[in-house]
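Examination of the molecular architecture
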Amino acid sequence: MERFSKVTLNIWNLSLDMVMHHMVTALQPMPFSNSLCKKPTANLDELRQRANKYMQLEELREYRSQVRVKASGEKGKNNEKDCLS
């Protein structure tokens with residue numbers, strides 16, 4: 001998103017329609033791109049805000065996934081200790 005923002009700043013008189021078209025076609029079909037197709041943004045600031053929200057959601061999902069894996073690994077270690085006792 002940061003790289004995309006830098007490129008858009010260098011293009012004079014860039015239309016939002018053009019930005020949205022290239023953004024949607026460049027993204028993989030995921031919740032963010034689906035959201036842009038369903039409800040286009042009114043301006044570039046709104047586009048950046050929505051992108052940041054989706055990035056925060058992805059980071060939260062990844063963190064929760066890591067916590068679950070770590071917790072399940074610790075349970076496995078505790079079960080092994082119980083069996084050895």
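So, a few notes on the structure that sits alongside this text. Predicted model only: the values in this text are computed from it and were never measured.

1. Thoughts on the overall build of the protein chain
A count of helices and strands for the protein chain gives four helices and zero strands. Burial statistics for the protein chain: of 85 residues in total, 15% are counted as buried. Summarising the internal contacts of the protein chain: among those between residues at least 6 apart in sequence, 37% fall at separations of at least 24. In the form shown here, the protein chain has an accessible surface area of approximately 7,300 Å², with 55% of it arising from carbon and sulfur atoms.

2. Some words on the side chain of Arg50
Assignment of secondary structure puts Arg50 in helix H4 (residues 44–84). Although Arg50 lies buried, it forms no salt bridge, and the closest oppositely charged side chain, Glu46, sits 4.1 Å away as judged by the N-O distance.

Criteria and cut-off values
Residues numbered from 1 in each chain as written. Predicted model: local features only at pLDDT ≥ 70, side-chain atom pairs only at ≥ 80, totals over all residues. Heavy atoms only, no water. Helix = DSSP H or I, 4+ residues; strand = E, 2+ residues; numbered from the N terminus. Buried < 20%, exposed > 50% of the residue type's maximum accessible area, 1.4 Å probe, protein only. Contact = heavy atoms within 4.5 Å. Areas by Shrake-Rupley, 256 points an atom, 1.4 Å probe, with all protein chains shown as cover. Lys, Arg positive; Asp, Glu negative; His and termini not counted. Salt bridge = Lys/Arg side-chain N within 4 Å of Asp/Glu carboxyl O.

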